[in-house]
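Architecture and fold: a report
Spelled out, the chains give:
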Amino acid sequence: PNDSNTQAVYYVNGELVRLTAREEARLRGLPDGVDIGEAKGERYAKERVRAAPSVVSVQAVASMLRDYLHGGLAALEAQREAREASEAAGAESKGELDDDGHSEGRLTM
């Protein structure tokens, strides 16, 4: 619940239980060492915890972004290698390679 007037109540072992701000922070993946503002009161701390993004969600998005970027970079590298191989094959057939097997002439992108 994101409404500060709403209380999250859970049924645990036959009893209704309200979570503390620290317990809510743990459920959202925050380590115990993170200052959630408990010194300013339980209500304030709960509001801060509820306003923060879930650590697990942020990690999942970051992981997907990393994989996307890595895949994109790998695709660009493969395209570059294919272009270089194609240019080398074309230069070789025209006899335009230097002694080291590199294409003479200007670099094309």
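Before reading further, recall that the structure is shown in the block above.
Numbering of residues begins from 1 in every chain and follows the order in which that chain's sequence is written. Per-residue local features of the predicted model are confined to residues with pLDDT of at least 70, and side-chain atom pairs are confined, for both listing and counting, to 80 or more; whole-chain, interface and lining totals are unaffected and use all residues. Neither water nor hydrogens contribute to the side-chain values; these are computed over all heavy atoms in the structure.

1. Observations regarding the overall build of the protein chain
Just so we agree on the cut-off: Note on conventions: DSSP H or I runs of at least 4 residues are helices, E runs of at least 2 residues are strands, and numbering of each starts at the N terminus. Per-residue accessibility, obtained with a 1.4 Å probe over protein chains only, is compared with the maximum for each type, and a residue is labelled buried under 20%, exposed over 50%, and partly exposed between these values. Residues are treated as being in contact if the distance between any of their heavy atoms lies within 4.5 Å. All accessibility values rest on the Shrake-Rupley procedure with a 1.4 Å probe; residue burial counts only the protein chains present in the view.
Along its length, the protein chain carries three helices and two strands. Written out in order from the N terminus, the α and β elements of the protein chain read β-β-α-α-α. Counting every position in the protein chain, which comprises 109 residues, the buried fraction comes to 14%. Put simply, 37% of the contacts in the protein chain that link residues at least 6 apart link residues at least 24 apart. For the protein chain, the accessible area works out to roughly 8600 Å², and carbon and sulfur atoms hold 54% of it.

2. Things to note about the pairing of strand β1 (residues 9–12)
To be explicit about the condition: In this analysis, strands are considered paired if DSSP registers two or more bridges between them.
Pairing between β1 and strand β2 (residues 15–18): four bridges, direction antiparallel. Residue pairing for β2: V12 is matched across the bridge by E15. Between β1 and β2, which pair antiparallel in sequence order, lie two residues; one of them, N13, sits at a positive phi of approximately 50°.

3. Overview of helix α2 (residues 42–51)
We count it as follows: To be clear, the arc concerns the directions from the helix axis to the C-beta atoms.
Considered for burial, the residues of α2 that qualify are A45, K46, V49 and R50. The buried residues of α2 occupy an angular sector of 130° when the element is viewed end-on, so they sit on one face. Along α2, exposed side chains directed more than 90 degrees from the buried face belong to R43 and A51. Along its buried surface, α2 packs onto α1 (21–27).

4. Points about a nonpolar patch on the surface
Let me state the cut-off plainly: A residue counts toward a patch only above 30% relative accessible area and without a salt bridge, and it is joined to like-charged neighbours within 9 Å or, for Val, Leu, Ile, Met, Phe, Trp and Tyr, to nonpolar neighbours within 5 Å. A side-chain nitrogen of Lys or Arg and a carboxyl oxygen of Asp or Glu constitute a salt bridge if their distance falls within 4 Å.
A contiguous nonpolar surface patch, about 370 Å² in accessible area, is contributed by V9, Y11 and L16. Structurally, the position occupied by L16 is in strand β2. Residue class for L16 comes out exposed when judged on its relative accessible area of 67%.

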